[in-house]
Amino acid sequence: MARTIAPVDGTNAIKHCILIDLDLDGNVYYISSAYDTITYNSNDYTQLGSFLQLGQVQEDIKATNGDISITLSGVTDTYLDEVLTAPVKGGEVTVYRAFFNDDYTVDSANVFQRFKGIITNFGIEENVDVLEGDITNIVQIACSSINTILENKISGQRTAPADRNKFFPGDGTFNRVPDLMGVNFDFGREYNGRAGSGGGGYGGGGGGGGGRGGGGGRGRNQQLR
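## Notes on the packing of aromatic side chains
So, step 1. Enumeration according to the criterion identifies three aromatic pairs in this entry.
So, step 2. Each ring, one from Tyr30 and one from Tyr45, has its centre 5.2 Å from the other, and the planes form 75°; the classification is edge-to-face. A residue pair is termed long-range when its members are at least 10 positions apart, and Tyr30 in strand E2 (residues 27-32) and Tyr45 in strand E4 (residues 43-47) qualify at 15 residues.
So, step 3. With a centroid separation of 6.2 Å and 70° between ring planes, the pair formed by Phe99 and Phe112 is classed as edge-to-face.

What follows is the structure, encoded as structure tokens:
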């Protein structure tokens, strides 16, 4: 559905920036592409300027799948450790576009959500400045929309009682699967019966047993008297 954006104060030029909420396991980081701190919804967005880049956002009339990439450049090794230890995958991302007034102030009415999705992957690229001896890193984050996540549904189920009861509570179809797990079946091999114990029973070949190789025992086909 089309939405009319209210005009900003002043008519010289349109100036805007990107606001991003990164929710990583309950820890929310507020960053922006502006060159000064911006407050929106009582949250202060840290200014990253040109160090923050956002990929192209696909905009259609109807709801469609769309993935974007977020690039953070100039990341030092100190902050890189936080990226590697934080649960980045599965984090939630919300992207806003804020329009400035001529005095570079932002009204909450001129901030619009452009994207909301889930972090599906991230990559790290290292840049080494040999002359200066500096090492910086580029962190690229891949985000998928909610529609893409919903398409990656689980098909099928494992042959385990827990999975079966998840989809069909009370169904005991797979209850014997744990007992059969790890059992070797010699399909096609002749069945030999029970093994002999060496006594006077019906063993398969023990001394004195009732098998064909037994000493004084009775065979299986021999009638007891």
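## Quick word on the confidence of the model for the protein chain
So, step 1. A residue-level look at the protein chain finds 76% of positions with pLDDT of 70 or above and a mean pLDDT of 76.
So, step 2. The low-confidence segment residues 196-211, where pLDDT is below 50, has 34 contacts with residues more than four positions distant or belonging to other chains.
So, step 3. For the stretch residues 213-225, pLDDT sits under 50, and the model shows 22 contacts to residues farther than four places along the chain or on other chains.

## Description of the nonpolar core
So, step 1. Residues Ile20, Ile70, Val93, Val95, Ile119, Val139 and Cys143 are the most contacted members of the largest nonpolar core, which totals 21 residues.
So, step 2. Put simply, the parts of the chain that give this core at least two residues each are strand E1 (16-24), strand E6 (67-75), helix H1 (77-85), strand E7 (92-100), strand E8 (106-129) and strand E9 (134-145).
So, step 3. With sequence-adjacent residues up to four places away left out, Val93 is seen in contact with Ile20, Asp21, Leu22, Ile70, Phe115, Lys116, Gly117, Ile119 and Cys143.

## So, a negative patch on the surface
So, step 1. A contiguous patch of negative charge on the surface is contributed by Asp77, Asp81, Glu82 and Glu126.
So, step 2. On the secondary structure map, Glu82 appears in helix H1.
So, step 3. On the basis of relative accessible area, Glu82 is assigned to the partly exposed category, the value being 46%.

Reading the values: the criteria
Residues numbered from 1 in each chain as written. Predicted model: local features only at pLDDT ≥ 70, side-chain atom pairs only at ≥ 80, totals over all residues. Heavy atoms only, no water. Phe/Tyr/Trp six-rings, centres within 6.5 Å; stacked < 30°, edge-to-face > 60°. Helix = DSSP H or I, 4+ residues; strand = E, 2+ residues; numbered from the N terminus. pLDDT = per-residue confidence, 0-100. Contact = heavy atoms within 4.5 Å. Core = buried A, V, L, I, M, F, W, Y, C linked by side-chain atoms within 4.5 Å. Buried < 20%, exposed > 50% of the residue type's maximum accessible area, 1.4 Å probe, protein only. Patch = residues over 30% accessible without salt bridge, like charges linked within 9 Å, V, L, I, M, F, W, Y side chains within 5 Å. Areas by Shrake-Rupley, 256 points an atom, 1.4 Å probe, with all protein chains shown as cover. Salt bridge = Lys/Arg side-chain N within 4 Å of Asp/Glu carboxyl O. Lys, Arg positive; Asp, Glu negative; His and termini not counted. Charge placed at Lys NZ, Arg CZ, Asp CG, Glu CD.

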